[in-house]
Amino acid sequence: MNEKVLPDIMNEINTVMGLVDETQLENAMPLITKDKRIFVIGAGRSGFQAKGFAMRLMHIGYTDYVMGETITPSIEKGDTWVAISGSGTTKGIVADTEAAKKLGLNIIALTSDKSSPLAQLADKVIVVPGATKTGAGVKSIQLLSTLFDQTVHITLDALTLKLAHRDDTSNQDALNEHVNVE
């Protein structure tokens, strides 16, 4: 089988990224500061994207944690919570975000559905309209939530770059925080 899929995949990614409202990233930035702890959460592949974002935040000098890891401390009022769910309905993510909201955390949600339960809990919503496993968002030839996963990764990398620029963090600064025993 010699089916070519890369051009179609890149077209899908470009379509979704063209729909991401960059002002939503800028509106979320005040909730991400170096004097606050940041907690990230996602399930399945969204969880992988959350971990990648946490790693990038660490590289640019933030104190951040991935929910569910053994070294994650208790959350406290004033901390920031970043929740990722394409559908915005993932039960565990929504329930944990409700708990975080009740404890007084600032909530940022990344989802493809701006009217989802997760988005309704958020102080700031970043809509990444890539296809999800439920079929929401921009339609895709790719399986399940692949398009959402790809585009939420790019969106979070863009947010990281904006934070680094705001904080005057250089590539060398980030490299200095990168693991040096490998």
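Right above here is the structure, for reference.
Residues numbered from 1 in each chain as written. Predicted model: local features only at pLDDT ≥ 70, side-chain atom pairs only at ≥ 80, totals over all residues. Heavy atoms only, no water.

Peer 1: Describe the pairing of strand S1 (residues 38-42), naming the residues involved and giving the relevant values.
Peer 2: Of all five residues in S1, four are buried; the element is thus mostly enclosed. Both S1 and strand S2 (residues 64-66) contribute to a ladder of three bridges, which runs parallel. When the sheet's bridge partners are listed, isoleucine 38 is paired in S2 with aspartate 64. Crossover connection from S1 via helix H3 (residues 44-59) to parallel S2: handedness right-handed. As judged from the five bridges shared by S1 and strand S3 (residues 80-84), these two strands associate in the parallel manner. Within S3, the residue paired with isoleucine 38 across the bridge is threonine 80. (Buried < 20%, exposed > 50% of the residue type's maximum accessible area, 1.4 Å probe, protein only. Helix = DSSP H or I, 4+ residues; strand = E, 2+ residues; numbered from the N terminus. Pairing = 2+ DSSP bridges. Right-handed = clockwise from strand over helix to strand, strands pointing away.)

Peer 1: Residues and numbers for the pairing of strand S4 (residues 106-111), please.
Peer 2: Regular strands place side chains that alternate from one sheet face to the opposite one. Counting buried residues in S4 gives six out of six residues, a clear majority hidden from the surface. Residue alternation in S4 divides its side chains into two sets, Asn106, Ile108 and Leu110 and Ile107, Ala109 and Thr111, and both sets are buried. When S3 meets S4, the two strands line up parallel, connected through five bridges. Each residue of the ladder has a partner; that of alanine 83, found in S4, is alanine 109. Between S3 and its parallel partner S4, the chain crosses via helix H4 (residues 91-102), and the hand of that crossover is right-handed. In the sheet, S4 pairs with strand S5 (residues 124-127) via four bridges, with the strands oriented parallel. Note that in S5 the partner of isoleucine 108 across the bridge is lysine 124.

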